[in-house]
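What follows is the residue order along each chain.
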Amino acid sequence: MTPMAIHTDTLQELDYRHLWHPYTDINAYEAAPWTCFERASGVYLYDRDGRAVLDGIASWWAVALGHSHPRIVEAIRAQAGVMQHAILGNQTHPLAVRLAAKLAGITPPGLTRCYFASDGASATEAALKIAIQYWHNRGVRGKTRFVALDEGYHGDTLGAVGIGFVPAFHAPFDGAVIKSFVAPAPHRAADTDDAADRACAVQAFAALECIVAAQEDQIAGVILEPLCMGAAGIRLYHPEYLRLVRELCDARGLLLIADEIAVGFGRTGGVFACDVAGIAPDILCIGKAMTGGTLPMSAAIVTEEIYDTFRNEPGRDRTFYDGHTYCGNPITSAAALAFLEAFEAEGVMQNVASRTPQLAAGMARLARHDAVHYHKSLGLIGMIALKPEVGGAALAKRIARRAFELGLFIRPLGNVLYLWPPLTTTEAELAQMLIYFDTAIERGQLPMSEPLPSADDGR
Ligand SMILES: Cc1ncc(COP(=O)(O)O)c(C=O)c1O
């Protein structure tokens, strides 16, 4: 049966009855206009009536090259008919090998060993376990905790919750996990000002330095989202922070874990955010865009030095006992390889470079509205924060709803609204997104007779 064969009313009823939606306020979802996209192509999502809506958030930050990218779709189709599953334990598969080698070639210097996982959270979990076992393998005991950033987000599994500090997402689990040490976020809540942003980052770093000095015996490493703390509310911060943390980790022998699950592959203007800051982490987590948003796949990529500590010695088992059924899966590997081929062959970074000033200018223009507190942008990320006194978060939901009615899909993060378009978005498409965004802010500020309709709640 094709999806169209189910009548819309029936589908909606079945949805309300049986589907549990993530990050969704149930009551608001049931009260809101029902949204169901059925197909997608390029920057457009299409609902059941065929209405086209611009995807302003690259479908949860994953669809980097636009929807239904022909090269990736074809690679999936071709591999699906050849071999669908492979075990990487004690054996291998050509596509996983090629992908690992390819990733080693494009990730920041020194990252040579690719450990495949399934989705973002499982890559984060692997990174944490690798870091802890690294110390164990070296015979150092007690280094089992991490320093993470306030309002940081690294996924929803319990280990990732232990290093996450977004109160709404993480507070219920406080008693269930071992929380990491929390350092202040380096973000400055104001329009971009290089000197002031840098000073804020340096100040935040000083606090991190104190935590490390006090707890060094327990700390395995530092984990952070480089340059952009996404789920916290697109908190962009100065690259100097990363350079200082790198230096500190070098000086103290701590592992630096860069979680680029959201920002990896071009989003911040460099292939990786760490490249923009000119640093290399000890462990890099990637996911989301890795398959162009087609299939779940992720990886923790580590240095040779870390990898070597996992070699057994007589009488010492140092094996990494971690692995997911679908890790390095042939179909997802084919999708990731096709994504990387397209990423290189289709001038994606050139397009990012061309669209970056356009987006920055567009966000600055949006900031003229009275309701806007501040705006920031970096690469193909542009955000505005709304003033709390105008009902920031509620207004953000209303604006997102208005944008949707106009033909632009965006999701608020508290009082923050942002654009995170596919990296292949054309000048005309981005211009249209910005026009809709602008109009939505105007309309969102008008008094409304109906209740708040948006059900978006969180990332
Ligand atoms: C920085 C970061 N890390 C990890 C994750 C978790 O990824 P996933 O949802 O694929 O588990 C996300 C998801 O938004 C993220 O933004």
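Model, not experiment: these values are computed from the prediction.

Rules of the game
Residues numbered from 1 in each chain as written. Predicted model: local features only at pLDDT ≥ 70, side-chain atom pairs only at ≥ 80, totals over all residues. Heavy atoms only, no water. Helix = DSSP H or I, 4+ residues; strand = E, 2+ residues; numbered from the N terminus. Buried < 20%, exposed > 50% of the residue type's maximum accessible area, 1.4 Å probe, protein only. Contact = heavy atoms within 4.5 Å. Domains from an automatic or database assignment. Buried area = accessible area lost by both parts, 1.4 Å probe. Salt bridge = Lys/Arg side-chain N within 4 Å of Asp/Glu carboxyl O. Axes fitted to C-alpha atoms, helices over the stretch in contact; angles between N-to-C directions. Parallel < 35°, antiparallel > 145°, perpendicular 65-115°, else oblique. Left-handed = near helix turned anticlockwise from the far one by under 90°. Nonpolar A, V, L, I, M, F, W, Y, C, P; charged D, E, K, R; others polar.

**Q** Just checking my understanding: could you explain the side chain of Asp-322 for this structure?
**A** Mapped onto the fold, Asp-322 is located in the loop between α12 (304–308) and α13 (330–345). On the accessibility criterion, Asp-322 (18% relative accessible area) is buried. Contacts of Asp-322, omitting those with residues within four sequence positions, involve Tyr-115, Ala-126 and Lys-129.

**Q** Where do I start with the domain arrangement of the chain in this structure?
**A** A common way to state how big an interface is: give the accessible area lost once the parts meet. Each domain of the chain was delimited in the assignment, giving domain 1 (3–65 + 347–444) and domain 2 (71–345). Taking the mean C-alpha position of each, domain 1 and domain 2 sit 26 Å from one another. If you look at the interface, domain 1 gives 29 residues, while domain 2 gives 37 residues. Approximately 2,600 Å² of surface area, both sides summed, lies buried where domain 1 meets domain 2, with 66% of it carried by carbon and sulfur atoms. Looking at the side of domain 1 facing domain 2, the largest losses of area belong to Tyr-23, Trp-61 and Lys-376, adding up to 24% of the total buried there. Summed over the shared surface of domain 1 and domain 2, the number is 1 salt bridge. Close ionic contact of Asp-197 with Lys-376 constitutes a salt bridge, the shortest N to O distance being 3.8 Å. At the level of secondary structure, the elements contributing two or more residues to the side of domain 1 that touches domain 2 comprise α3 (58–61), α14 (348–366), β13 (372–378), β14 (381–386) and β16 (416–419). Looking at the side of domain 1 that touches domain 2 element by element, the count peaks at 6 residues for β13.

**Q** Explain the packing of helix α4 (residues 70–80) against α13 here, please?
**A** To describe two helices that pack against each other, one gives the angle between their axes and the distance between the axes. Put simply, α4 and α13 touch, their axes get as near as 8 Å, and they point 150° apart. With respect to their mutual orientation, α4 and α13 come out roughly antiparallel. Relative to α13, α4 is oriented so that their crossing is right-handed. Each of Arg-71, Ile-72, Ala-75, Ile-76, Gln-79 and Ala-80 in α4 lies in contact with α13, whose residues at this interface are Pro-330, Ile-331, Ala-334, Ala-335, Ala-338, Phe-339, Glu-341, Ala-342 and Ala-345. Of the residues belonging to the contact of α4 with α13, the class tally is 12 nonpolar, 1 polar and 2 charged.

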